[in-house]
Amino acid sequence: MFRFLHAADVHLDSPLKGLERYEGAPVEEIRGATRRAFMNLVKLAIDEEAAFVLLAGDLYDGDWKDYNTGLFFISQMRRLEAAGIPAFVIAGNHDAASQITKVLRTPDNVRVLNTKKAETIRLEEIGVAVHGQGFANASVLEDLSAGYPAADPYLFNVGMLHTSLDGRPGHYSYAPCTMDGLRSKGYQYWALGHVHAREIVARDPWIVFPGVLQGRHVRETGAKGAMLVTVEDREVVSVEPRDLDVLRWAVCAVDLTGAAMMDRALEIVGEALEREVEGADGRTLAVRIEMGGACEIHEELRRDSERWNQEVRALATRFGGDGVWIERIVLRTRRAEELDPVLDREDALGGLAASIRELEGDDVRLISLAEELADLKRKLPAELFAAGDVPDPTDPAALREILPEVEDLLVSRLLGVRSAGS
């Protein structure tokens, strides 16, 4: 019996641009999170006496020239070397663009697999064959797994592959392959990388994405880490997710339906925050709060949003002290009164509301609108969208999602103007 660790998408020293824009952001703590998570990975390998460690692509984060990142990686591999633990590495799309990857001289216990063809490394003492191929360039569009050899029938076979598999939302379709294609090789375990969400795709054989090692922004929420795999008699006995992140991102959805007083709204937000803090197991928590629901205080929230933001930020310190940071507060509440009667009006206001409702259900018009907004997106800072601060105007699904909010805001403002002028 032996154990091994499967990790991927470490993105060491990922730059995390734009953090300075956020009030109270623990900038240095967030920027150092990928290193500390990687140190946790190495410690876990040593503590569990792992037979080997697999790093399935995107160890680095692009074409950097800061060799301190590479020196940090070497120092951690030397810790593994001292414990007698080998590490197997394949290059992902980010590694293929990295200057560090091309010139780094690694310790003897680190094997970086070939990028020109599939390579097999055998660990005869424990009966293991590790098969894999890294990315030769940053955009590999062919099925690399097709060139992998068939399983060695006398060994436990692991395939390492950086891939989108048959497609995953939010990820480029790199090194695409099929489940049947992977199964045809006869391996007992496929150690995949590239997809940042933790996912056990199949169990016969095991096909696994461990997910990103450390969440780097609010689109990478929840527990992050690696997979600890136990093998006995050439069969996988267990695949255990191990949380190794040091800072956790969360999106806290708060329903303020029926809230008639600000105090009650704060009470609801506090309860939701308390649950998130408890679930973070003592880690620093970065939270985006999204408030929705029909409530009587909707207009007050919109009118005095800055005061509300400060109230919520103060509330966060009560439950988590300095360990909780409110990344952003999103108001998606709506008026308690229905806006549907506006649709029956035969004036410009009624026409506006009807047009927005029609657009919600018209895929063709949404796609056309998204295309028209592409020029606007090009004029805005790229990090604005990378941080998830604003919806992507070129994504029809994102436009559909915000249309109810647009309708409510426009109609509420116009009704307010008419009331003031009457």
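Placed above this text is the structure.
All of the points below concern the structure found in this document. Since we're looking at a predicted model, the values are computed, not measured. The numbering scheme is per chain: residues are counted from 1 as the chain's sequence reads. At least 70 in pLDDT is required for a residue's local features to be given in this predicted model, at least 80 for side-chain atom pairs to be given and counted, and no such filter applies to totals for whole chains, interfaces and linings, which use all residues. Hydrogen atoms and water are omitted, and side-chain values are computed over all heavy atoms in the structure.

Helix and strand assignments come from DSSP, with helices taken as H or I runs of at least 4 residues and strands as E runs of at least 2, each series counted from the N terminus. The helix and strand tally for the protein chain stands at 14 helices and 15 strands. Accessible area is worked out with a 1.4 Å probe on protein chains only. A residue is then buried under 20% of its type maximum, exposed over 50%, and partly exposed in between. Per-residue burial for the protein chain yields a buried fraction of 50% across its 422 residues. By the convention used here, residues are in contact when the closest approach between their heavy atoms is within 4.5 Å. Expressed as a percentage of contacts within the protein chain between residues at least 6 apart in sequence, the contacts between residues at least 24 apart total 71%. Accessible surface, the protein chain as shown: approximately 19,700 Å² in total, 50% of it carbon and sulfur. We get accessible surface area from the Shrake-Rupley algorithm with a probe of 1.4 Å; when it comes to residues, only the shown protein chains can shield them.

This part takes up the side chain of Thr 284. Positionally, Thr 284 belongs in strand β14 (residues 284–295). The exposure class assigned to Thr 284 is buried, which follows from its relative accessible area of 14%. Contacts described as polar in this section are N or O atom pairs within 3.5 Å, which, within protein, must combine one atom able to donate a hydrogen with one able to accept it, while residues neighboring in sequence count only if both atoms come from side chains. Separated by 2.4 Å, the side chains of Thr 284 and Glu 29 make a polar contact.

What follows is about the sheet that holds strand β6 (residues 128–132). A pair of strands is labelled paired if DSSP reports no fewer than 2 bridges between them. Strands sit in the order β5-β6-β7-β8-β10-β9 across an open sheet of six strands; the sheet is mixed. With partners counted over all chains shown, the strands left at the sheet margins are β5 (119–123) and β9 (199–203), one partner each. The sheet shows a mean angle of 15° between the axes of neighbouring strands, direction not considered. Bridge count for β6 against strand β7 (residues 156–162) is five bridges, and the pairing is parallel. The partner of His 131 across the bridge, within β7, is Gly 159. Axis lines are fitted to C-alpha atoms, over the contacting stretch for helices. Their N-to-C directions set the angle, which ranges from 0 to 180 degrees.

This part takes up the packing of helix α7 (residues 262–279) against helix α9 (residues 305–320). One way to put it is that α7 packs onto α9 with a least axis distance of 10 Å and a crossing angle of 40°. The pairing of α7 with α9 is recorded here as oblique in orientation. For α7 against α9, the interelement crossing comes out right-handed. Each of Met 262, Ala 265, Leu 266, Val 269, Gly 270, Leu 273, Glu 274 and Val 277 in α7 lies in contact with α9, whose residues at this interface are Arg 307, Trp 308, Glu 311, Val 312, Leu 315, Ala 316 and Phe 319. Angles below 35 degrees are treated as roughly parallel, those above 145 as roughly antiparallel, those between 65 and 115 as roughly perpendicular, and all remaining angles as oblique. If you view the pair so one helix is near and one far, a crossing is left-handed when the near helix is turned anticlockwise from the far one by less than a right angle, and right-handed when it is turned clockwise.

Given 3.6 residues to a turn, an α-helix orients residues that are three or four positions apart in the same direction. The span you would expect from a helix comes to 1.5 Å times its residue count less one. Taking 1.5 Å per residue, 16 residues should reach 22 Å; α9 reaches 23 Å between its end C-alpha atoms and fits that length. Within α9 the residues assigned to the buried category are Trp 308, Asn 309, Val 312, Arg 313, Leu 315 and Ala 316. Buried residues of α9 fall within an arc of 160° about the axis and therefore sit on the same side. Packed against the buried residues of α9 are α7, β14, α8 (298–303) and β15 (324–335). Remark: Gly 321 follows α9 within two positions and exhibits a positive phi of approximately 60°. What the arc measures is the spread of directions leading from the helix axis to the C-beta atoms.

Put simply, a nonpolar core is a bunch of buried Ala, Val, Leu, Ile, Met, Phe, Trp, Tyr and Cys residues held in one set by side-chain atoms that sit within 4.5 Å of each other. Within the largest apolar cluster, 28 residues are counted, with the highest numbers of intra-cluster contacts made by Val 254, Leu 256, Val 269, Ile 289, Met 291 and Trp 308. Here this core takes seven residues from α7, the largest share from any one element. Residues in contact with Met 291, not counting those within four places in the same chain, are Val 254, Leu 256, Val 269, Trp 308, Ile 329, Val 330, Leu 331, Arg 332 and Thr 333. Listed in part, the 27 residues of the second largest apolar core include Ala 37, Leu 41, Val 53 and Leu 228.

The next thing to look at is α7. The end-to-end C-alpha distance of α7, which contains 18 residues, comes to 26 Å, matching closely the 26 Å that a straight helix rising 1.5 Å per residue would cover. Looking only at α7, the buried set comprises Met 262, Ala 265, Leu 266, Ile 268, Val 269, Gly 270, Ala 272 and Leu 273. Packed against the buried residues of α7 are β13 (247–255), β14, α8, α9 and β15. Downstream of α7 by one or two residues, Asp 281 has phi in the positive range, about 55°.

Right, let's talk about the packing of helix α2 (residues 33–47) against helix α3 (residues 67–82) for a bit. Interhelical geometry of α2 versus α3 gives an angle of 15° and a closest axis separation of 9 Å. Comparing their axes, α3 and α2 come out roughly parallel. The handedness of the crossing between α2 and α3 is right-handed. Here α2 contributes Arg 35, Phe 38, Met 39, Val 42, Lys 43, Ala 45 and Ile 46 to the contact with α3, which in turn contributes Asn 68, Thr 69, Phe 72, Phe 73, Gln 76, Met 77, Arg 79 and Leu 80. Tallied by class, residues from the contact of α2 with α3 come to nine nonpolar, three polar and three charged. Each residue gets one label: Ala, Val, Leu, Ile, Met, Phe, Trp, Tyr, Cys and Pro are nonpolar, Asp, Glu, Lys and Arg are charged, and the others, such as Gly, are polar.

Attention shifts here to the packing of aromatic side chains. Classification of ring pairs uses Phe, Tyr and Trp, with its six-membered ring standing for Trp, and accepts pairs whose centres are within 6.5 Å; under 30 degrees between planes counts as stacked, over 60 as edge-to-face, and the remaining range as tilted. By the definition in use, this model includes 13 aromatic pairs. Pairing Phe 52 with Phe 88 gives two aromatic rings, centres 5.9 Å apart and planes at 70°, and the pair type is edge-to-face. In this pair, Phe 52 is assigned in strand β2 (residues 52–56) and Phe 88 in strand β3 (residues 87–90), connecting sequence segments 36 residues apart. Judged by relative accessible area, which is 0%, Phe 52 ranks as buried. Classification of Phe 88 as buried rests on a relative accessible area of 1%. When the centroid spacing of 6.1 Å and the interplanar angle of 75° are considered together, the rings of Tyr 60 and Phe 73 count as edge-to-face. Placement of the pair is Tyr 60 in the loop between β2 and α3 and Phe 73 in helix α3, with a sequence separation of 13 residues. When sorted by exposure, Tyr 60 lands in the same class as Phe 73, which is buried.

This part takes up empty space enclosed by the protein. With a 1 Å grid spanning the protein atoms alone, the term cavity applies to any set of points in which a 1.4 Å probe fits but cannot get out, the term pocket to an open set with protein on both sides within 12 Å along at least five of seven lines, and the term lining residue to any residue with an atom within 4 Å of a point. Grid points are joined across faces, edges and corners, and a volume is the space filled by probe spheres set on the points. In the structure shown here, the tally under the stated rule is one cavity of 30 Å³ or more. By volume, the largest cavity is sized at about 30 Å³. Considering the residues around the largest cavity, the lining is formed by Phe 38, Leu 41, Val 42, Ala 45, Val 53, Met 77 and Leu 80. At four residues, α2 tops the list of elements feeding residues into the lining of the largest cavity. Its residues placed into classes, the lining of the largest cavity shows seven nonpolar, no polar and no charged.

A pairing counts as a salt bridge when a side-chain nitrogen of Lys or Arg comes within 4 Å of a carboxyl oxygen of Asp or Glu. Taken as a whole and judged by the stated rule, the model has 20 salt bridges. Here Asp 180 makes a salt bridge to Arg 183, at a shortest N to O gap of 3.8 Å. In this pair, Asp 180 and Arg 183 are both assigned in helix α6 (residues 179–183), three residues apart and thus about one turn of the helix distant. Judged by its relative accessible area of 36%, Arg 183 is partly exposed. The salt bridge involving Arg 307 is made with Glu 311; its shortest N-O contact spans 3.6 Å. Taken together, the residues span about one helical turn, with Arg 307 and Glu 311 both in helix α9 at a distance of four residues. Looking at Arg 307, the relative accessible area reads 38%, which means it is partly exposed. Via salt bridges that share partners, Arg 198, Asp 243, Asp 245, Arg 248, Asp 281 and Arg 283 belong to a single interconnected network.

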